[in-house]
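Architecture and fold: a report
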Amino acid sequence: MGLVIYEFKHVFKAFMSIFLDALPFMLLGVLLSTVVENFIPEAFIRRMTPRHPLGGILFACVLGIMFPLCECGMIPFVRRLMRKGMPVYIAVIFILVGPILNPIVFASTFMAFRGETSMAYSRMGLTFGVALIVGLLLTRFLKGSPLRHPIEIQANTLHHHGGSSPGHHADHIHAHDHDHDNHQGHNHNHHDHGHHHDHHQGHNHSHDGGRMMVMLSHGTTELFEMSKYLMLGAFLTALIQTFVAQDSLSAIGQGPFISHVFMMGFAYLLSLCSTTDAFVAASFANSFSPGSLLAFLVFGPMIDVKSTLMMLSIFKARFVLTLSIVVAVTVLAGSLLIMHFFLA
């Protein structure tokens, strides 16, 4: 009985250590994700999107730096961007690198590894390398649409007026609204004019209140999604550290190849948020090689259980499978190279 209590205390201590270290970064990620979700106009991003493939890849990386979205909110955001006209290959690169290439993830990685900048810089560098390789492969070999269902660009503009150009449709809407306003103007009484301003103010207050409610709802939902995966990951990690012999972990963790594959599979199953996974990885620093931890930190935010399910909601299964294999091979090769030249 005493041994069981001791083991339980050890698991609880390890769990709380990982969870509390990661909690501030998770909250900061939720806050910034909520701001991005509600205040960044997708039309602005569409206007800024380059047409050259290499420029598009770099643009997707810059978006990841500017907009620190967790993978939980990435798919809905990207779906809206594609509706605004973003090319599919840029959207895919943004899905992969967006959760990693941002200041919050860099800071959390730096803190988790106790000020060791090599791991933080290696994580950013490998992520950019994967983006470059996958992006070039997509622009070279992607033929046809990988989407499960066609996404209508600028929905509700051309759908009801097939054959008309966007400019013609805009003119039609403008004329219709002008006639409608004139019609209303001929039928309203002048004594109603004095009440228009108060009604408009009330509408603004209602709109602001509605936006605040939407932000609160989005933030609460994302916090719940991220926290449950973080708690599960921290708990499983604590169990492994407590009940799996250190010698067994070291035997796997120091293998030149198997350690990378093991940690990539572990990252896929845990499905941790990128703002917190560095603290889980750092807890294995004494057992696993730096290269395998790097593979964990890059592959997990790109491809895991929950991101796979979310990608399957908008992309064809064959495309998601091919993308996952390409990312896995690229991350594996990149982490082995960085381990040999920079983290040895």
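Report on the accompanying structure. What you see is a predicted model, and the numbers here were worked out from it, not measured in a lab. (Residues numbered from 1 in each chain as written. Predicted model: local features only at pLDDT ≥ 70, side-chain atom pairs only at ≥ 80, totals over all residues. Heavy atoms only, no water.)

The next point concerns helix H3 (residues 53–66). Under the 1.5 Å per step criterion, the end-to-end length of H3 is 20 Å for 14 residues, consistent within 8% with the ideal 20 Å. Of the positions making up H3, those classed as buried are Gly56, Ile57, Phe59, Ala60, Cys61, Leu63 and Gly64. (Helix = DSSP H or I, 4+ residues; strand = E, 2+ residues; numbered from the N terminus. Expected span 1.5 Å × (residues − 1). Buried < 20%, exposed > 50% of the residue type's maximum accessible area, 1.4 Å probe, protein only.)

Our focus in this paragraph is the packing of aromatic side chains. Tallying each qualifying case throughout the model produces eight aromatic pairs. Ring centres of phenylalanine 266 and phenylalanine 284 lie 5.8 Å apart, and the angle between their planes is 90°; this geometry places the pair in the edge-to-face category. Taken together, the residues span a long stretch of sequence, with phenylalanine 266 in helix H11 (residues 258–270) and phenylalanine 284 in the loop between helix H12 (277–282) and helix H13 (290–302) at a distance of 18 residues. Across the pair, phenylalanine 284 and phenylalanine 266 agree in class, each one buried. One aromatic cluster is present, built from ring pairs that chain together Phe262, Phe266, Phe284, Phe288 and Phe296. The aromatic ring of phenylalanine 141 is capped on one face by arginine 140, whose charged end is 5.1 Å from the ring centroid. (Phe/Tyr/Trp six-rings, centres within 6.5 Å; stacked < 30°, edge-to-face > 60°. Lys NZ or Arg CZ within 6 Å of the ring centre and 35° of its normal.)

Each pair of packed helices can be summarised by the angle the axes make with each other and by the distance between the axes. It is at 10 Å that the axes of helix H7 (residues 117–141) and helix H15 (residues 317–341) come closest, and there the two elements cross at 140°. Considered as vectors, H7 and H15 are oriented oblique to each other. Crossing geometry of H7 relative to H15 is assigned as right-handed. Contacts from Ser122, Leu126, Val130, Ile133, Val134, Leu137 and Leu138 in H7 reach Phe319, Leu323, Val326, Val327, Thr330, Val331, Gly334, Ser335 and Ile338 in H15. Taken together, the residues of the contact of H7 with H15 break down into 12 nonpolar, four polar and no charged. (Axes fitted to C-alpha atoms, helices over the stretch in contact; angles between N-to-C directions. Parallel < 35°, antiparallel > 145°, perpendicular 65-115°, else oblique. Left-handed = near helix turned anticlockwise from the far one by under 90°. Contact = heavy atoms within 4.5 Å. Nonpolar A, V, L, I, M, F, W, Y, C, P; charged D, E, K, R; others polar.)

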